[in-house]
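Each chain is listed here by its residues.
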Amino acid sequence: MKARFRITDDYRRLKHTLRDLDLVTVCEEAGCPNIFECWADGTATFMINGERCTRACGFCLVDTRHPQPLDAGEPGRVADAVERMDLAHAVVTAVARDDLDDGGAAAFAATVRAIRARRPATAVEVLIPDCKGDPDALATIFDARPDVLNHNLETVARLQRAVRPSASYARSLAVLARAGEAGLTTKSSLIVGLGETVEEIHQALADLAAVGTDIVTVGQYLRPTTHHLPVARWWTPEELAAVAEVGEAMGIGHVEASPLTRSSYHARQAAEAVSEAPVAVGHPG
């Protein structure tokens, strides 16, 4: 399992744009192995609401020091970056901000509106925290009408407390169910290699299908440091391909599963696969 190291002109251009606009990407903060492929292809996942998370999930590399105040100019700068990069599909995520009354929901909505104002043809995907399940906070995001609403289940029910102790399996499923009831295309992600069984992964897929999830990504866990959870098992590409088949047989519109698959990997292609009409075409995103 190898991710190629590729420094291309598009990679340099994108990095310069992000630094020029003082923006953060989850690609860098989470140490994603696909950064060279995605950045060379002109796509990145913007991370708003700062770079410090109020939760300490056992698999995640993102900084967990005390968070800083929100930057009111950040939504506009994200929209500026989307325009400069000529993106057809923009992905916006955030750290968990349990210190905020709305969990950072207003900033998500502001960012979606800013991108739409600058680039109406760009599809906008948001990868949101659970906002503690607060219905008003979630409605703030839903009312902005992102093209894809992504919230990650991350792991099977049995491992939730060890993998993401501040979250809840049932609450995450409820977030996805509410988003679907609001008429949004929904998406979620599972990480394998943390000690789950094949049967437990199938059950998680069944639970996601039961709440109407349209897109699911499944990828192999890679331990970012020795302070994080160890890898319990390496899943083969063939096993993950079989997982995708099982998920789609359950009624999930598109399942992307491979060792290096991450939440935003091939995001535009996945959205197109479940949409009635193709996402607007622009620079690859």
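Just so we're clear, the structure is a prediction, and the values are computed from it rather than from any experiment. (Residues numbered from 1 in each chain as written. Predicted model: local features only at pLDDT ≥ 70, side-chain atom pairs only at ≥ 80, totals over all residues. Heavy atoms only, no water.)

1. Details of the packing of aromatic side chains
Aromatic ring pairs: the centre-centre distance and the angle between the two ring planes describe each pair.
Next up, step 1: Overall, the coordinates contain zero aromatic pairs when judged by the stated rule.
Next up, step 2: Above the ring of Trp235, the side-chain terminus of Arg233 is found at 4.3 Å from the ring centroid. (Phe/Tyr/Trp six-rings, centres within 6.5 Å; stacked < 30°, edge-to-face > 60°. Lys NZ or Arg CZ within 6 Å of the ring centre and 35° of its normal.)

2. Quick look at the pairing of strand β7 (residues 215-220)
Next up, step 1: Counting buried positions over the six residues of β7 gives six, a clear majority of the element.
Next up, step 2: Bridge analysis of strand β6 (residues 185-192) against β7 gives six bridges, and the strand direction is parallel. Counted as the bridge partner of Lys187 is Ile215 from β7.
Next up, step 3: With helix α9 (residues 198-210) bridging β6 and the parallel β7, this β-α-β connection has right-handed handedness.
Next up, step 4: Judged from the four bridges that link them, β7 and strand β8 (residues 254-257) form a sheet pairing that is parallel. By the bridge assignment, Thr217 is partnered in β8 with Glu256.
Next up, step 5: One crossover worth recording links β7 to the parallel β8 by way of helix α10 (residues 237-249), and it is right-handed. (Buried < 20%, exposed > 50% of the residue type's maximum accessible area, 1.4 Å probe, protein only. Helix = DSSP H or I, 4+ residues; strand = E, 2+ residues; numbered from the N terminus. Pairing = 2+ DSSP bridges. Right-handed = clockwise from strand over helix to strand, strands pointing away.)

3. Focus: helix α11 (residues 267-274)
Next up, step 1: Taken as a whole, α11 has its buried residues at Ala267, Arg268, Ala270 and Ala271. What you see down the axis of α11 is that its buried residues fit within an arc of 165 degrees, all on one side. (Arc of directions from axis to C-beta.)

4. Quick word on the confidence of the model for the protein
Next up, step 1: The pLDDT averaged across the protein works out to 85; a share of 79% of its residues lies at or above 70.
Next up, step 2: The model gives residues 277-285 a pLDDT under 50, and that stretch makes 30 contacts with residues more than four places away or in other chains. (pLDDT = per-residue confidence, 0-100. Contact = heavy atoms within 4.5 Å.)

5. Some points on unusual backbone geometry
Next up, step 1: Even without a glycine there, the phi angle at Cys131 is positive, about 50 degrees.
Next up, step 2: Within the fold, Cys131 resides in the loop between β4 (123-127) and α6 (135-142).
Next up, step 3: Since its relative accessible area comes to 6%, Cys131 is described here as buried.
Next up, step 4: In this structure, Arg145 is a non-glycine residue whose phi angle is positive, near 55 degrees.
Next up, step 5: Along the chain, the position of Arg145 falls in the loop between α6 and β5 (148-150).

6. Remarks on the environment of Ala204
Next up, step 1: The residue Ala204 is located in helix α9 in this model.
Next up, step 2: Put simply, Ala204 and Tyr169 are 35 residues apart on the chain and 9.6 Å apart in space, counted from C-alpha to C-alpha.

7. Brief notes about the nonpolar core
Burial of nonpolar side chains together is a common tendency in soluble globular proteins.
Next up, step 1: Grouped together as the largest cluster of nonpolar side chains are 34 residues, with contacts concentrated most on Phe46, Val126 and Ile141.
Next up, step 2: Elements that contribute at least two residues to this core include exactly β2 (45-48), α4 (74-85), β3 (89-94), α5 (105-118), β4, α6 and α8 (169-181).
Next up, step 3: Examining the composition of this core, we find that seven residues originate from one element, α5, more than from any other.
Next up, step 4: Beyond its immediate stretch of four places on either side in the chain, Ile141 contacts Ala105, Phe108, Val126, Ile128, Cys131, Pro146 and Leu149.
Next up, step 5: Among the nonpolar cores identified, the runner-up in size contains 25 residues, and Leu176, Leu190, Leu194 and Ala257 belong to it. (Core = buried A, V, L, I, M, F, W, Y, C linked by side-chain atoms within 4.5 Å.)

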